[in-house]
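Working through the structure, step by step
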Amino acid sequence: MLSVLRVHLPSDIPIVGCELTPYVLLRRPDKTVTTDDVPESAPLDGHFLRYKWYRIQSDKKVALCSIHPSEQATLQCLGCVKAKIPVAKSYHCSPKCFSDAWQHHRVLHDRAASAVNENGNEEEELFGRFNSSSSGSLNTSLSSSASSPSLTNGSAPLYPAAVTRSSGGETWFEVGRSKTYTPTADDIGHVLKFECVVVDAETKGPAGHVNTILTSRVIPAPCPSPRHLVPVNGADVMGHLEIDGRISSSGTFTVLSYNILSDTYATSESYSYCPSWALSWPYRRQNLLREIVGYRADIVCLQEVQSDHFDEFFAPELDKHGYQALYKRKTNEVYNGNPLIIDGCATFFRRDRFSHVKKYEVEFNKAAQSLTDAMIPSTQKKTALSRLVKDNVALIVVLEAKFTNQGGAADNPGKRQLLCVANTHVNVHQDLKDVKLWQVHTLLKGLEKIAASADIPMLVCGDFNSVPGSAPHALLAMGKVEPLHPDLAVDPLNILRPHSKLIHQLPLVSAYSSFARPGVGLGLDQQRRRLDPSANEPLFTNCTRDFIGTLDYIFYTADSLTVESLLELLDEESLRKDTALPSPEWSSDHIALLAEFRCKSRPRR
């Protein structure tokens, strides 16, 4: 007979919006073991599996810490309550928790005060300045009166007839009858119970032991403070992403570049400081999707997108938001495992803003083969290929704008507005400086060919695994590499010689260097402090316990495009002190970059 051997959850901490999928191990009548489902529509030997989910609501109301959502809150910030900030953000598990988070937490107060309260004196009196006496908070064990109504589940259950009350002062609401369950806001603060039982297909009654498992309390999905667009034209205001995502006028467009951290690399060994539930793919994919969709960029360039995640999640989910998807998977030469877990570069664009014209795929392995065939003596080819073949790729897409360039349409009536977008992920190994530079040079030479065939603005986005001042960055930003650059000392295959060939003619400029433009404004001043003054690049786009620095860039051709605004950079305060990425709030070890561009008007030739 069919029997259940084991039931468990990959993580016992459920998060709102993240699907829970229990692992159910079965023994079939023929004694084989499987994890396949046996639904009522396809019984096995006269039996099937029935699932039920319950929310266990205790009479004792529970609030969760906004900083450590797996911990119960013991104090609440009265300033948040007064300012009508979402109540979930007002709770803390200890005075130390509140103290440590105060610099970040106060930003919520400042934004709420500027948005809804014109009485500055009242706000200062209410919020004050945090000190050791926990000014601005109520330091007490939370009673039921201090708990928000949103944390108590008073809504009608999905299956009211199935509600049972135990003698322990608990109410069980049946909330689901499928194998998987996605917690909702009604579940916050409550334990979930999963039941699995073998059922006789004829009698519909249980035919074996009821297997149950309890989760910990459901926690809300951590929500980082929103990032804003900052104009670079000197205006003393910060831009905001509007509800419809259209901060831009008809003549501008936005581009996002983001290494989302492939699940293959998101291991507890590499990121031991990140809670396991926040590192799990079911959580991270939902958090990443919320972030990406929230930016509402017209063009999205993602790196480290696993091929199965592209097919099964990102392409269909972003399709719902109006994006067309293109993908280039890394080549297979250096992988021996499951091809489904190979990652690659994915480019998405809004169908209402652009149409697809052409796609080019750059496989650096093919370029490596051609290079060795042409330059490397046969006795050294095996060694050369071993060094050069690193599986990296680039995806180049030519798009046509469906909007008109303000001011340009009159000059060029009927002219198509094309745009070339390159999305790449360059080799990661720091001891292969020659390979990094060769890959970037190869990509730029390909883009030069496209530029020679069409008068077209260009964007070069991605994770270049190269810090500001390195040879690859110099080649991109300056158009050349100085012969005495220290990176050129690493060239065992002589593939970088003569050094005079390390040039390109594309007028590329880093978008984020626009923060260094002359101009005044609170937003610009804040962002300049987050730039490396020697390179005019962000202080970091990658932040882990082992490394903090800039690896990601958006370059653009300055003769055809101009930067209107940029997504504000994160700083240590935004990430909370001593926090590395990924974290419960930010689900990659990189931060997203986003720039708003306008096409320059060009005279007719």
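Located above this text is the structure these notes cover.
Now for a description of the structure that goes with this document. Keep in mind it's a predicted model, so treat the numbers as computed, not measured.

1. Points about the environment of Leu302
Tracing the backbone through its elements, the reader meets Leu302 in strand S14 (residues 299–306). Leu302 sits 43 residues away from Asn259 along the chain, and the two C-alpha atoms are 5.6 Å apart. Residues contacting Leu302, with those up to four places away along its chain left out, are Tyr258, Ile260, Ile292, Gly344, Cys345, Ala346, Phe348 and Asn423.

2. Observations concerning the sheet that holds strand S13 (residues 252–259)
What the 7 strands build is an open sheet, ordered S12-S27-S28-S13-S14-S16-S15; its pairing is mixed. Whereas interior strands pair on both sides, the edge strands pair on one side only; in this sheet they are strand S12 (229–231) and strand S15 (323–329). Each strand axis lies, on average, 25° off the axis of its neighbour in the sheet, ignoring direction. Bridge analysis of S12 against strand S27 (residues 561–567) gives 3 bridges, and the strand direction is antiparallel. When the bridges of S27 are listed, Pro231 appears paired with Ser565. Helix H6 (residues 307–320) contacts S14, S15 and strand S16 (343–350) of the sheet and is inclined by roughly 165° relative to S15.

3. Re the packing of aromatic side chains
This structure, assessed with the given rule, holds 20 aromatic pairs. Residues Trp53 and Phe194 carry aromatic rings whose centres are separated by 4.8 Å and whose planes lie at 45° to one another, so their mutual orientation is tilted. Of the two residues, Trp53 is situated in strand S4 (residues 47–58) and Phe194 in strand S10 (residues 191–200); the sequence distance between them amounts to 141 residues. One exposure class covers both Trp53 and Phe194, and it is buried. Centroid distance Phe310 to Phe348: 6.0 Å. Interplanar angle 40°. Geometry classified as tilted. Separated by 38 residues along the polypeptide, Phe310 in helix H6 and Phe348 in strand S16 bring together distant segments of the chain. Given a relative accessible area of 8%, Phe310 falls into the buried group. Among the aromatic residues, those joined into a cluster by ring pairs are Phe253, Phe354, Phe403, Tyr556 and Phe597.

4. Details of the environment of His321
Mapped onto the secondary structure, His321 falls in the loop between H6 and S15. On the accessibility criterion, His321 (30% relative accessible area) is partly exposed. Measuring from C-alpha to C-alpha, the distance between His321 and Arg351 comes to 9.7 Å, with 30 residues separating the pair along the chain. Leave out the neighbours within four places in its chain, and His321 touches Val293, Arg296 and Arg350.

5. Quick notes on the pairing of strand S26 (residues 552–557)
Among the 6 residues that make up S26, 6 are buried, leaving the element largely enclosed by the rest of the structure. Of the two faces of S26, both are covered, the one formed by Asp552, Ile554 and Tyr556 as well as the one formed by Tyr553, Phe555 and Thr557. Here strand S20 (residues 458–463) runs beside S26; their pairing, made up of 5 bridges, is antiparallel. By the bridge assignment, Cys461 is partnered in S26 with Ile554.

So, how was this worked out
- Residues numbered from 1 in each chain as written.
- Predicted model: local features only at pLDDT ≥ 70, side-chain atom pairs only at ≥ 80, totals over all residues.
- Heavy atoms only, no water.
- Helix = DSSP H or I, 4+ residues; strand = E, 2+ residues; numbered from the N terminus.
- Contact = heavy atoms within 4.5 Å.
- Pairing = 2+ DSSP bridges.
- Axes fitted to C-alpha atoms, helices over the stretch in contact; angles between N-to-C directions.
- Phe/Tyr/Trp six-rings, centres within 6.5 Å; stacked < 30°, edge-to-face > 60°.
- Buried < 20%, exposed > 50% of the residue type's maximum accessible area, 1.4 Å probe, protein only.

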